[in-house]
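Observations on the three-dimensional arrangement
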Amino acid sequence: MHFRYDPDDWRPAQGHSRLRATTGRLKPNSILVWDRQAYRLMEVRDRDEADWPQNYRDAWIKHGMPDPATWSYRPRVVVVQRDDQPQSKPLHLLCPDSTYWYVLPEHYWVCRTCLELPPCRHVHNEAVMDRAAERMEKEMAIMPGVCHGCREPISSRQKSFTFPGPNLIRPDLGNDSAIFHTRNDCAGSMKAYDERWAAAEEGRRRYFYCEGTKTVHHDGTGECTAPGCLATGNLASWVEHKLWIQHHPRSGPEVQGCWCLAPAAA
């Protein structure tokens, strides 16, 4: 339950909130959702660093071994108990600190047939299938040379970007056929495809995202900490960076450069 919207993800149909365990608002006795059931929160505690599972330890090393006390992915133990079975054995759930939980009010409803929180499993699955059929119908209407984002033809005077390799939306169109307008209205679709395109092959880097830190100086120049940063050429402004720093002049408007460039200018 991470904070990332996907229309196909299950979420309670009734009123709810979504909180992290470390916000201070997720209090003991809150009603959480786990596996489409209501659970009463008993306790939230940290997992001792010496007792971290191997997958968390590997992720910690991969992220550069940050301070465990503030690392957003550190494991947390969430102790819950079935709300309708107060004598049941508590569950000890291990999850990243960044996990968001659905929180229900004291008065909530369940399906009388399956005893799940609405939408029931079969209702949710049918809705997912209906959306998939609708997406497929729209995707099959894409013709060669048409923007895969807005579904409009791309003229010779319009700027665009074509992803190399197989088309992940319309494989029948052949290689090097996934094309998008490079304009604001199509940016969301293009970057969503970029993420999907990178995930399709092990080790493949996204075109429009960089793991480095981008520093932009007051004189318009800049650099990135990542070697081989793709933010170059006409599409440089489209590349998002994990971190972005904007430098400002040290004093009044007569100072044209950044404080960090002043020694070099001198």
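The structure reproduced in this document is the subject of the present report. (Residues numbered from 1 in each chain as written. Predicted model: local features only at pLDDT ≥ 70, side-chain atom pairs only at ≥ 80, totals over all residues. Heavy atoms only, no water.)

**Notes on the sheet that holds strand S4 (residues 75-82)**
Here we have six strands laid out as an open sheet, ordered S1-S6-S2-S3-S4-S5, and antiparallel in their pairing. Both edges of this open sheet fall to strand S1 (17-20) and strand S5 (91-96), since each of them pairs with a single strand only. Adjacent strand axes in the sheet meet at a mean angle of 50° when their direction is disregarded. Pairing analysis gives four bridges linking S1 to strand S6 (residues 100-104), with the strands arranged antiparallel. Bridging across to S6, Ser17 finds its partner in Val103. (Pairing = 2+ DSSP bridges. Helix = DSSP H or I, 4+ residues; strand = E, 2+ residues; numbered from the N terminus. Axes fitted to C-alpha atoms, helices over the stretch in contact; angles between N-to-C directions.)

**Quick notes on helix H1 (residues 54-62)**
The α-helix winds at 3.6 residues per turn, so residues separated by three or four positions along the chain end up facing the same way. Burial in H1 covers these residues: Tyr56, Ala59 and Trp60. The buried residues of H1 occupy an angular sector of 105° when projected down its axis, which confines them to one face. Seen from the open side of H1, the exposed residues pointing more than 90 degrees away from its buried face are Gln54 and Lys62. Directly beyond the C-terminal end of H1, a positive phi value near 90° is found at Gly64. (Buried < 20%, exposed > 50% of the residue type's maximum accessible area, 1.4 Å probe, protein only. Arc of directions from axis to C-beta.)

**Digging into the environment of Pro7**
Assignment of secondary structure puts Pro7 in the segment before S1. Taking relative accessible area as the criterion, Pro7 reaches 36% and is therefore assigned partly exposed. In this structure, the C-alpha to C-alpha distance between Pro7 and Ile154, residues 147 residues apart in sequence, is 28 Å.

**Description of unusual backbone geometry**
Of note, the bond from Pro118 into Pro119 is cis; its omega dihedral lies within 30 degrees of zero at 0°. Here Pro119 lies in the loop between S6 and helix H2 (121-140). Positioned with a positive phi, Asn29 is a non-glycine residue whose angle comes to about 85°. Along the chain, Asn29 falls in the loop between S1 and strand S2 (31-34).

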